[in-house]
Amino acid sequence: MNNKINTSLFVACQQCDALYDKPHLKQGQLAKCNRCGSTLIERKVDSIERSFNWSLAGLMLMLPAIMLPIMGVTLAGQFHQASLFDCILVLIDRGFFMIASLVFLFAIAVPIVRLAGALYISYSFKFNKLRPSLLNFFRAYHHLDNWAMLNVFMLGIVVSMYKLIDDTELSVNLGLLAFIFWLICSTMSAVALDQDYIWDKLEKAFAKAEVQDENS
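Just so it is clear, the structure is predicted and the values come from calculations on it, not from any experiment.

Conventions we followed
Residues numbered from 1 in each chain as written. Predicted model: local features only at pLDDT ≥ 70, side-chain atom pairs only at ≥ 80, totals over all residues. Heavy atoms only, no water. Salt bridge = Lys/Arg side-chain N within 4 Å of Asp/Glu carboxyl O. Helix = DSSP H or I, 4+ residues; strand = E, 2+ residues; numbered from the N terminus. Buried < 20%, exposed > 50% of the residue type's maximum accessible area, 1.4 Å probe, protein only. Axes fitted to C-alpha atoms, helices over the stretch in contact; angles between N-to-C directions. Parallel < 35°, antiparallel > 145°, perpendicular 65-115°, else oblique. Left-handed = near helix turned anticlockwise from the far one by under 90°. Contact = heavy atoms within 4.5 Å. Nonpolar A, V, L, I, M, F, W, Y, C, P; charged D, E, K, R; others polar. Arc of directions from axis to C-beta. UniProt positions renumbered as here; feature names shortened; annotations may be inferred. Disulfide = S-S within 2.5 Å.

Peer 1: Give me the lowdown on the pattern of salt bridges, citing residues and values where you can.
Peer 2: With the rule as written, the count across this model stands at three salt bridges. Taking the shortest distance from any N to any O, the salt bridge between Arg43 and Asp194 comes out at 3.9 Å. Of this pair, Arg43 sits in the loop between strand S4 (39-42) and helix H1 (47-60) while Asp194 sits in the loop between helix H7 (174-192) and helix H8 (195-215), and the two are 151 residues apart along the sequence. In terms of burial, Arg43 and Asp194 fall into one category: buried. Several salt bridges share partner residues, and in doing so they unite Arg43, Asp194 and Asp196 into one network.

Peer 1: Could you give an account of the packing of helix H3 (residues 84-93) against helix H4 (residues 97-126), naming the residues involved and the relevant values?
Peer 2: Between two packed helices, what matters for the description is the angle formed by their axes and the separation of those axes. Two elements in contact, H3 and H4, have axes whose closest approach is 7 Å; the angle formed by their N-to-C orientations is 160°. Looking at the two axes, H3 sits roughly antiparallel to H4. Note on packing geometry: the crossing formed by H3 with H4 is left-handed. Residues Leu84, Ile88, Leu91 and Ile92 of H3 pack against Phe97, Ile99, Ala100, Val103, Phe104, Ala107 and Ile108 of H4. Its residues assigned to classes, the contact of H3 with H4 shows eleven nonpolar, no polar and no charged.

Peer 1: Residues and numbers for helix H5 (residues 133-143), please.
Peer 2: Where H5 is concerned, the buried positions are Leu134, Leu135, Phe138 and Tyr141. In an axial view of H5, the angular spread of the buried residues amounts to 125°, which keeps them on one side of the axis. With respect to the buried face of H5, the exposed residues turned more than 90 degrees away are Asn136 and His143.

Peer 1: Can you tell me about the UniProt feature "transmembrane region" (unreviewed entry) in the protein chain, naming the residues and giving the values?
Peer 2: When the UniProt feature table is mapped onto this chain, "transmembrane region" (unreviewed entry) is found at residues 52-76, 96-123 and 174-193. In residues 96-123, the share of helix is 96% and the share of strand is 0%. The end C-alpha atoms are 39 Å apart. Between the end C-alpha atoms of residues 174-193 the distance is 29 Å, and the span holds 95% helix and 0% strand.

Peer 1: Provide a residue-level description of the state of the cysteines, including the pertinent values.
Peer 2: Under the criterion given, the structure shown has zero disulfides. Cysteine Cys33 shares no disulfide, and the gap to the nearest cysteine sulfur, in Cys16, comes to 3.6 Å. A relative accessible area of 4% places Cys33 in the buried class.

What follows is the structure in C-alpha cells.
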C-alpha cells in the first residue's frame, strides 16, 4: 500500500499558513488567499523566454561591469579611476584579504553563477532538454537568492559618491552604467522565472520517467 501523500496537490499561504487545493492557472493568472488576501500562486507570462533573455544580456554585460572604471575622482589636481576588479586588487594590496574575498564572492562570483544558472534553466526549458540532474540544480539555484549582494554593493557606491561629492570632482564612467544594467539583468533574470511552473514541470516530467522505468 502506498502511504505517500502528494503534497503537490495543495498550496499553503506564506503569510497565514492557510491550506488550499492547488489551482490550475493559465499565464497571467494568479490565485489569492481568501483569509489574508496575499498571492498564493502567480503564473508569469513568457517566464522562460524573458528569463533566458535577461540572463543572456547579464552575462554579456559581465566583463564591462567588472573591468571598466566605475567612477573617476579628481583630488589635489590628480585624477584616479577604478573598476570593480581594481577595488578588489587594492584591498588585497593593503592586506584586507577577508574583505576582498567577500567582495569577490558577493559582487562577482555569486551574480555570475546566478546568471549562468538562470540561463541554463531557461535554456533547458526553452529547448525541452530536461534531465534528472536539473531537479537538484534548480534546488541549489533557489538558495542563491539569499546570497545576491549586488544591490548592497551598489548602495555602497552611491553612499561613497554622496560623501565624496563635496570634497572632490567625480565623473561617472561607463563601468558604473554597465554595473547598473548588470544589476538589473541579474535581478530580472531571477524575478522572471516562474518557480512554481518549473517545479510542476520537473515533477511531472520525472514522475512519468519513473513510472516508465518501473513498467519496463
